[in-house]
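Per-entry structural report
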Amino acid sequence: MALYSDKVMDHFQNPRNVGKIEDAQNVGIGEVGNAKCGDIMKMYLKVEDGIVTDCKFNTFGCGSAIATSSMATELIMGKSLDEAMELSNKAVVEALDGLPTHKIHCSVLAEEAVKAAVKDYYDKNGIAYDPEKFAQVHDCEHCAD
Ligand code: FES
């Protein structure tokens, strides 16, 4: 069996929603990195009436990080911020038809980037939130791989 699914290869080779959105009051920007591998992911969410109306990303990292960022943007486009907050790295991996075990940590970066962007949007707009929701999700036993 191939190491990577067709969907992973597709999103890696033809990533959706690459780019950036100009910083503005209604744009949340989240940048996260993995200290172990050095990869960096930046996520931009444009929000109108509590809905993600545009979403772009820039990822400097491995193929799995690019594929998971791309899929994450597709999964949260058109969703409410609450729904975007519920996006888990597992959901992203499932949508990609799986990742090798030692690459699961790359999908954690995508979840963190979305949450960081939502937090930035809340901060910019003085919207109260429960900080617990934004506690570091990076808790991956495979990161050392
Ligand atoms: Fe660093 Fe994939 S995110 S190896």
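Preceding this section is the structure that the text describes.
We now turn to the structure provided with this report.

With that settled, consider the overall build of the protein chain. Scanning the protein chain for helices and strands turns up 5 helices and 3 strands. Secondary structure of the protein chain in N-to-C order comes out as α-β-β-β-α-α-α-α. Its C-alpha atoms give the protein chain a radius of gyration of 14 Å, near enough to 15 Å, the size a compact globule of 145 residues would have. Expressed as lengths along the three principal axes of its C-alpha atoms, the size of the protein chain is roughly 50 × 30 × 25 Å. Expressed as a percentage of its 145 residues, the buried residues of the protein chain come to 43%. Of the roughly 7,400 Å² of accessible surface on the protein chain, a fraction of 49% belongs to carbon and sulfur atoms. Charge centroids of the protein chain, computed over 14 positive and 24 negative side chains, lie 3 Å from each other.

In this model, Asn17 sits at a positive phi of 60°, which is unusual for a non-glycine residue. Mapped onto the secondary structure, Asn17 falls in the loop between helix 1 (6-13) and strand 1 (27-33). You will see that Asp49, though not glycine, has its phi angle at about 50°, which is positive. Within the secondary structure, Asp49 sits in the loop between strand 2 (40-48) and strand 3 (51-60).

Our focus in this paragraph is the side chain of Ser107. By the element assignment, Ser107 lies in helix 5 (residues 104-124). In this structure Ser107 comes out as buried when scored by relative accessible area, which is 0%. There is a polar contact of 3.1 Å between the side chain of Ser107 and the side chain of Asn89. A distance of 2.6 Å separates the side chain of Ser107 from the backbone oxygen of Ile104, its partner in a polar contact. Excluding its chain neighbours within four sequence positions, the residues that come into contact with Ser107 are Thr68, Asn89, Val93 and Leu99.

Glancing now at the sheet that holds strand 1. Pairing within the open sheet is antiparallel, and its 3 strands lie in the order 1-2-3. A strand with exactly one partner marks an edge of an open sheet, and here the two such strands are strand 1 and strand 3. Pairs of neighbouring strands in the sheet enclose a mean axial angle of 15°, with direction left out of account. Strands strand 2 and strand 3 of the sheet are contacted by helix 2 (residues 63-76), whose axis makes an angle of about 175° with strand 3. Of the strands in this sheet, strand 1 and strand 2 are in contact with helix 5, which crosses strand 1 at around 140°.

In this section: helix 5. Taking 1.5 Å per residue, 21 residues should reach 30 Å; helix 5 reaches 31 Å between its end C-alpha atoms and fits that length. Within two residues after helix 5, Gly126 carries a phi angle of roughly 60°, on the positive side.

It is worth spelling out the pairing of strand 3 at this point. Across 9 bridges, strand 2 lies against strand 3 in antiparallel orientation. The residue of strand 3 that forms the bridge with Glu48 is Ile51. Between the end of strand 2 and the start of strand 3, which pair antiparallel, lie 2 residues, with Asp49 showing a positive phi angle near 50°.

Taken as a whole and assessed by the stated rule, the structure comprises 4 aromatic pairs. Residues Tyr122 and Tyr129 carry aromatic rings whose centres are separated by 5.7 Å and whose planes lie at 25° to one another, so their mutual orientation is stacked. The exposure class assigned to Tyr129 is partly exposed, which follows from its relative accessible area of 26%. Consider the rings of Tyr122 and Phe134, whose centres lie 6.2 Å apart with planes at 90°: the pair is edge-to-face. Here the residue Tyr122 occupies a position in helix 5, and Phe134 occupies one in the segment after helix 5, the gap between them amounting to 12 residues.

Rules and cut-offs
- Counting from 1, residues in each chain are numbered in the order their sequence is written.
- Local features are withheld for residues below a pLDDT of 70 in this predicted model, meaning they are given only at 70 or higher, and side-chain atom pairs are given and counted only at 80 or more; totals for whole chains, interfaces and linings count all residues.
- With hydrogens and water excluded, all non-hydrogen atoms of the structure serve as input to the side-chain values.
- Secondary structure is summarised from DSSP: a helix means a run of H or I of at least four residues, a strand means a run of E of at least two, and numbering begins at the N terminus for each.
- As a reference, a globule follows 2.2 Å times the number of residues to the power 0.38, and the radius of gyration itself is taken over C-alpha atoms.
- Think of it in three bands: with a 1.4 Å probe and only protein chains considered, a residue is buried below 20% of the maximum accessible area for its type, exposed above 50%, and partly exposed in between.
- Computed with the Shrake-Rupley method and a 1.4 Å probe, the accessible areas treat only the protein chains shown as cover for residues.
- In this tally Asp and Glu are treated as negative and Lys and Arg as positive; neither His nor the chain ends contributes.
- Just so you know, the charge point we use is NZ for Lys, CZ for Arg, CG for Asp and CD for Glu.
- Polar contacts, as used here, are pairs of N or O atoms within 3.5 Å; protein pairs need one atom able to donate a hydrogen and one able to accept it. Residues neighboring in sequence count only if both atoms are side-chain atoms.
- Note on contacts: a residue pair is in contact if any heavy atoms of the two residues lie within 4.5 Å.
- Think of it this way: DSSP has to see at least two bridges between two strands before they count as a pair.
- Note on definitions: angles span 0 to 180 degrees between N-to-C directions of axes, and those axes are lines fitted to C-alpha atoms, for helices only across the stretch in contact.
- By definition here, a helix of n residues has an expected span of 1.5 Å times n minus one.
- Pairing of aromatic side chains here covers Phe, Tyr and the six-membered ring of Trp, requires ring centres within 6.5 Å, and sorts the geometry by plane angle: under 30 degrees stacked, over 60 edge-to-face, intermediate tilted.

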